[in-house]
Amino acid sequence: MGTVRRLSPRPEVPELGAAIEAFLAIIGNRNTAKAYAIALRALAAELGEHAPLDELEGEAGADRLAAWFTARWGGAAAATFNARRDALGSARDWWREQDWLTGDPIRRIRRRARTPDRTKALDRAHIEALLTRQNLALRERTLFRMLYESAARAEEVLALDVADLDQRNRRAKVRRKGGAVDVIVWQTPTARLLPRLLDGRRAGPLFVTDRRARVPLPPPDVDPGSGRARLSYRRAAELFEQATAELPGGPWTLHQLRHSALTHAAEDGANTSTLLRLLRPHLGRLAGPLRPRLPRGPGPLATSPRPGRTPPVKAQRVRRRRQPLVPE
């Protein structure tokens, strides 16, 4: 005779509003919870907070959810569309773990492929909104602000040590691509953030990780006081994409930030020598407003003859008229 086992009953399915708040409460990152709440609370407003969660089950639930989602975010950018869908997907997965759902109510909502325009400069107002955001961490705020104000490459700034800084003159020496040593400069906002970021540190990398290094690293890449490692380019790029995911055209890239800084500098009247210094050694790869055009006529960069010498005169090309053939 077989063994009889008692099956545990399925837990009571909560109302939609309570299920949403329970899911948001378990998210540790406040920014993530805030982003997820946009889509989930919009769903509760559409179906009603007191609607049973299992109304999302079955074909009817999937159809209703897809129709509402498409009407609400169908015209949004691909990044926004995908972010809202991901919020619903994360909630769905957690509700399944609680045995509140069995099906997949978002199965008819497909993610969109993103084809961002990486050649277009970012809007100044959007960059300023990012750099002045209250919930942006001090390290990220200082890094992004310095990158934008100096128009330097991320690799150059991340390689800076505390000893490289000349805070009084708002500048630092960096090593450009190809090994050339150059100087970057920043403005007042970055100058005000640096003392807070350093917090008394006098040596080690300028930008470091949140935790101590887990593997042995070269001494120059470790802060001697805290043991934290130099922030890597990969991690900096991830942080920047996370911070800009909800901004227009987001997520942005660090290359876009530098591209925009150079474009805005040109729009503000930066002289050609300044732009050439910032752009080298890859000036030939750039086009449009980022590639300064050297003046051909008289000007500060136009060539002039040596004293006492007469400038050469361009020879005129004489076109000979063809003589008609005369029969003999």
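Everything below is about the structure printed above this text.
Residues numbered from 1 in each chain as written. Predicted model: local features only at pLDDT ≥ 70, side-chain atom pairs only at ≥ 80, totals over all residues. Heavy atoms only, no water.

Considering the pattern of salt bridges
A complete count under the given rule lists 22 salt bridges for this structure. The salt bridge involving Glu55 is made with Arg64; its shortest N-O contact spans 3.7 Å. Accessibility expressed as a relative area gives 40% for Glu55, which makes it partly exposed. A salt bridge links Glu267 to Arg124; the shortest N-O distance between them is 3.2 Å. (Salt bridge = Lys/Arg side-chain N within 4 Å of Asp/Glu carboxyl O. Buried < 20%, exposed > 50% of the residue type's maximum accessible area, 1.4 Å probe, protein only.)

Observations concerning the pairing of strand 3 (residues 181-185)
Of the two faces of strand 3, only the one carrying Asp182 and Ile184 is buried; Val181, Val183 and Val185 on the other face are not. Across five bridges, the pairing between strand 2 (residues 171-175) and strand 3 is antiparallel. Its bridge partner lying in strand 3, Arg171 is registered against Val185. Here strand 2 folds back onto strand 3, and the loop between the two strands holds five residues, one of which, Gly178, carries a positive phi near 95 degrees. (Helix = DSSP H or I, 4+ residues; strand = E, 2+ residues; numbered from the N terminus. Pairing = 2+ DSSP bridges.)

Some details on the packing of aromatic side chains
Within this structure, the stated rule accounts for nine aromatic pairs. With a centroid separation of 5.6 Å and 85 degrees between ring planes, the pair formed by Trp68 and Trp73 is classed as edge-to-face. Like Trp73, Trp68 is buried. Between Phe240 and Trp252, the aromatic rings sit 6.3 Å apart at their centres with planes inclined by 55 degrees, giving tilted as the arrangement. Taken as a pair, Phe240 in helix 9 (residues 233-243) and Trp252 in the loop between helix 9 and helix 10 (254-267) lie far apart in primary sequence, twelve residues in all. (Phe/Tyr/Trp six-rings, centres within 6.5 Å; stacked < 30°, edge-to-face > 60°.)

Here we look at helix 5 (residues 124-131)
Along helix 5, the residues that are buried comprise Ile127, Leu130 and Leu131. Looking down the long axis of helix 5, one finds its buried residues gathered within 95 degrees of arc, a one-sided arrangement. The N-terminus of helix 5 is capped by Asp123, whose side-chain oxygen sits 2.8 Å from the backbone nitrogen of Ala125. (Arc of directions from axis to C-beta. Polar contact = N/O pair within 3.5 Å; in protein donor to acceptor, adjacent residues only side chain to side chain.)

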